[in-house]
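As a plain string of letters, each chain reads:
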Amino acid sequence: MATSSKEKVIIGRLESISLPDLGIENLTVRVDSGAQTSSLHVDNITLITIHGKPGIQFDIHPEVHNVDKVVRCKAELYDLRKVKSSNGVSEQRYVIETNVKLGGLEWPIQITLTDRSDMTYLMLLGRQAMGKKFLIDPSQVFCGGSAKQI
């Protein structure tokens with residue numbers, strides 16, 4: 001294995017993240033290096049205008065075991081993309097760009113908004129969002145960002 005002096009953060013197959021721009025903390029996500037873009041389960045998407053730019057408003061249920069809790073969010077529309085889901089079906093999805101916090105780091109990521117109600121986790125953290133910041137240890141969960149020299 002090649003070595004370098006870059007420090008990478010070890011994350012597990014499940015992690016807890018925050019989306020501070022959306023007012024979401026401690027959201028359990030499934031880390032998925034097979035998914036290019038991150039995706040988030042939302043309801044009630046409405047097109048709006050934010051500061052003269054296209055935007056969207058949507059509901060997030062941040063607690064998987066408490067569907068009565070709803071956080072109403074809004075964000076500028078970053079893109080509209082055709083995405084092929086894990087079941088092979090393509091769909092048009094709204095894309096937002098927002099900050100994410102994980103392992104003491106905070107950086108902007110793109111997230112597609114979709115119906116994940118039939119999935120176990122409300123959000124997938126895809127490889128585009130992880131970039132070159134992380135190493136994934138699939139045997140671990142909730143590492144929260146232990147540093148490792150590689």
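Residues numbered from 1 in each chain as written. Predicted model: local features only at pLDDT ≥ 70, side-chain atom pairs only at ≥ 80, totals over all residues. Heavy atoms only, no water.

A.B. asks: I would appreciate a short explanation of the sheet that holds strand S6 (residues 53–60) in the present structure.
C.D. replies: The strands that make up a sheet pair up through hydrogen bonds in the backbone, lying either parallel or antiparallel. Judged by pairing direction, the sheet is antiparallel, and its three strands sit side by side in the order S5-S6-S7 without closing on themselves. Two strands bound the open sheet, and with one partner strand each, they are strand S5 (43–50) and strand S7 (71–76). Looking at each pair of strands side by side, their axes are set apart by 25 degrees on average, direction ignored. As paired elements, S6 and S7 share six bridges and run antiparallel to each other. Counted as the bridge partner of Ile56 is Ala75 from S7. (Pairing = 2+ DSSP bridges. Helix = DSSP H or I, 4+ residues; strand = E, 2+ residues; numbered from the N terminus. Axes fitted to C-alpha atoms, helices over the stretch in contact; angles between N-to-C directions.)

A.B. asks: When you look at the pattern of salt bridges in this model, what are you seeing that I'm missing?
C.D. replies: Think of it this way: side chains of opposite charge can pair up when their charged atoms draw near. Overall, the coordinates contain five salt bridges when judged by the stated rule. Between Asp32 and Arg30 there is a salt bridge; the shortest N-O distance is 3.2 Å. Ionic pairing is found between Glu106 and Lys101, a salt bridge with its closest N-O pair at 3.9 Å. (Salt bridge = Lys/Arg side-chain N within 4 Å of Asp/Glu carboxyl O.)

A.B. asks: Hey, could you run me through the nonpolar core in this one?
C.D. replies: Inside soluble globular proteins, nonpolar side chains tend to come together where they are buried. Leu19, Leu27, Leu40, Phe58 and Met123 are the most contacted members of the largest nonpolar core, which totals 30 residues. The residues contacting Leu19, other than those within four sequence positions of it, are Ile24, Leu27, Leu40, Thr98, Asn99, Val100, Ile111 and Met123. (Core = buried A, V, L, I, M, F, W, Y, C linked by side-chain atoms within 4.5 Å. Buried < 20%, exposed > 50% of the residue type's maximum accessible area, 1.4 Å probe, protein only. Contact = heavy atoms within 4.5 Å.)

A.B. asks: Looking at this structure, how should I read the layout of surface pockets?
C.D. replies: To locate leftover empty space, one rolls a probe as large as a water molecule over the atoms. Considering only enclosed or pocket space, the largest pocket measures out at about 510 Å³ in volume. If you go around the largest pocket, you meet 24 residues; those closest to its centre are Ser85, Ser86, Arg93, Arg116 and Leu124. Put simply, the parts of the chain that give the lining of the largest pocket at least two residues each are strand S3 (24–32), strand S8 (79–84), strand S9 (90–102) and strand S10 (105–114). (1 Å grid on protein atoms, 1.4 Å probe; cavity = no way out; pocket = protein on both sides within 12 Å on 5 of 7 lines; lining within 4 Å. Points joined across faces, edges and corners; volume = space filled by probe spheres on them.)

A.B. asks: Before we go on, may I ask you to explain the environment of Ser117 in this structure?
C.D. replies: Tracing the backbone through its elements, the reader meets Ser117 in the loop between S10 and strand S11 (123–126). Among the polar contacts made by the side chain of Ser117, one reaches the side chain of Asp115 at a distance of 2.6 Å. (Polar contact = N/O pair within 3.5 Å; in protein donor to acceptor, adjacent residues only side chain to side chain.)

A.B. asks: Got a minute to help me understand unusual backbone geometry in this structure?
C.D. replies: One non-glycine residue, Asn44, lies in positive phi territory at about 55 degrees. Considering the arrangement of structural elements, one finds Asn44 in strand S5.

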